[in-house]
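This is what each chain is made of:
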Amino acid sequence: MTYGEFKAFVMQLIDQYSANGVELTKGYNDQADFFARIPAAYNAVMLELAAGPCPILAVMDREALETAEQPGYVEAQVPEDFLRMTGDGLPMVREGRMTRIKDYWMVGADRVMIRKSLFDGAILEYCRRPATLEADPASDTVLDGTAEMLTAAAYYVAALLVLREDAFLYAALRNEYDDRVTEMKKARRRAETFFVADPYGP
């Protein structure tokens, strides 16, 4: 989805997109104010979604990481778009089987300590921040995130735009956003079969 498509969807949700079939310009009513408020609201809700019900997974590039060796461990500077570790453990093939191993911890907010064997052999998976929008994005700017995130974000942004003017519409849009967040959380609760490493083993 592009920013132009997202913005049009938001304006349609608050019935501010067209009049008699003619698309409204930013000179009409409060359009310019609405347009100015969309990017910041978008950035806030996308970060909320990525940090909670709909994480965006990425993989660290070992070669690009700034690292320091510790006895049995590697201390690595996390990537610039780092949000948090997944919490599920790092995927790794061990004895021909796929497993996840959680043998790492954060050192401050921007460094992670990972067992050396895990750092060398695992997929260094993490949750990243979505790309943020500038104050006046071009219409053809491609938005970051999944379709379900962007659709939910549109309802949230639309709700914020009408918060002061229309309490009923705000509540309806916010409820739709909350329902979509709930569905994302349910989708995340899935059974995943893999062998778990013995945390008391070597």
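Counting of residues starts from 1 at the beginning of each chain's written sequence and follows it residue by residue. Where totals are concerned, whole chains, interfaces and linings use all residues; where local detail is concerned, this predicted model gives features only for residues with pLDDT of at least 70, and gives and counts side-chain atom pairs only at 80 or more. Computation of side-chain values: all heavy atoms of the structure, hydrogens and water removed.

K.L.:
How do you make sense of the overall build of the protein chain when you look at a structure like this?
P.N.:
Only DSSP runs of H or I reaching four residues or more are called helices, and only runs of E reaching two or more are called strands; each is numbered from the N terminus. Across its full length, the protein chain holds five helices and twelve strands. Throughout, exposure labels follow a simple rule: accessible area from a 1.4 Å probe, protein chains only, divided by the maximum for the residue type, with under 20% read as buried, over 50% as exposed, and the rest as partly exposed. Across the 202 residues in the protein chain, those meeting the buried criterion constitute 40%. Residues count as neighbours in contact if any of their non-hydrogen atoms are within 4.5 Å of one another. Partitioning the contacts of the protein chain with sequence separation of at least 6, the portion at a separation of at least 24 is 71%. The Shrake-Rupley method, run with a 1.4 Å probe sphere, supplies the accessible areas, and residue values consider only the shown protein chains as cover. Looking at the protein chain as shown, the accessible area adds up to about 11,800 Å², and 51% of this sits on carbon and sulfur atoms.

K.L.:
When you look at the sheet that holds strand S4 (residues 67–70) in this model, what are you seeing that I'm missing?
P.N.:
The pairing of strands in a sheet happens through backbone hydrogen bonds and is either parallel or antiparallel. A strand pair is defined by DSSP finding two or more bridges across the two strands. Reading across from one edge, S4-S5-S10-S9 is the order of the four strands in this open sheet, with antiparallel pairing throughout. The sheet is open, and its two edges are formed by S4 and strand S9 (104–107), each paired on a single side. Between one strand axis and the next, the sheet turns by 25 degrees as a mean value, whatever way the strands run. Note: S4 against strand S5 (residues 73–77), four bridges, orientation antiparallel. For helices, the fitted line uses only the C-alpha atoms of the stretch in contact; every axis is such a line through C-alpha atoms, and the angle between N-to-C directions lies from 0 to 180 degrees.

K.L.:
How do you make sense of the packing of aromatic side chains when you look at a structure like this?
P.N.:
In this description, an aromatic ring pair is defined by two values, namely the gap between the centres and the angle between the planes. Only the six-membered ring of Trp is used, alongside the rings of Phe and Tyr, when aromatic pairs are assigned; centres must lie within 6.5 Å, and planes under 30 degrees apart are stacked while those over 60 apart are edge-to-face, with the rest tilted. One pass over the full model with this rule turns up five aromatic pairs. We call a charge positioned over a ring when the NZ of a Lys or the CZ of an Arg lies within 6 Å of the ring centre and within 35 degrees of the ring normal. Of note, Lys7 hangs over the ring of Phe35, and the distance from its end group to the ring centre comes to 4.4 Å.

K.L.:
In this structure, what is going on with the confidence of the model for the protein chain? I would like to understand it.
P.N.:
Low pLDDT means the predicted atomic positions in that stretch should not be read closely. Each residue carries a pLDDT value, the predictor's own confidence for that position, ranging from 0 to 100. Residues at a pLDDT of 70 or more form 86% of the protein chain, whose mean pLDDT is 88. When the criterion is pLDDT under 50, residues 190–195 qualifies, and its contacts beyond four places in sequence or with other chains add up to eight contacts.

K.L.:
In this structure, what is going on with the pairing of S5? I would like to understand it.
P.N.:
For a regular strand, side chains alternate in direction, first toward one face of the sheet and then toward the other. With respect to burial, S5 is a largely interior element, four of its five residues being buried. Hairpin connection of S4 to S5: two residues between the antiparallel strands, including Gly72 at a positive phi of 80 degrees. Of the pairings in the sheet, the one linking S5 to strand S10 (residues 111–115) comprises five bridges and is antiparallel in character. Residue pairing for S10: Glu75 is matched across the bridge by Met113.

K.L.:
Got a minute to help me understand the sheet that holds strand S11 (residues 125–128) in this structure?
P.N.:
Spatially, the three strands line up as an open sheet ordered S3-S11-S6, and their pairing is antiparallel. Two strands bound the open sheet, and with one partner strand each, they are strand S3 (56–59) and strand S6 (82–84). Strand-to-strand twist in this sheet, taken as the mean axis angle between neighbours without regard to direction, amounts to 60 degrees. Of the strand pairs in this sheet, S6 and S11 are connected by two bridges, and their pairing is antiparallel. Note that in S11 the partner of Phe82 across the bridge is Arg128. Across the face of the sheet, helix H2 (residues 31–51) comes into contact with S3, S6 and S11 while running at roughly 50 degrees to S6.

K.L.:
Hey, could you run me through the side chain of Lys7 in this one?
P.N.:
Counting through the fold element by element, Lys7 comes out in helix H1 (residues 3–13). Residues scored as charged are limited to Lys and Arg (positive) and Asp and Glu (negative), so that His and the chain ends carry no count. Should a side-chain nitrogen of Lys or Arg be within 4 Å of a carboxyl oxygen of Asp or Glu, the pair is scored as a salt bridge. One buried charge, Lys7, has no salt-bridge partner; the nearest side chain with opposite charge is Asp136, at 6.3 Å. If we skip the residues at most four places from it in the chain, Lys7 touches Phe35 and Ile38.

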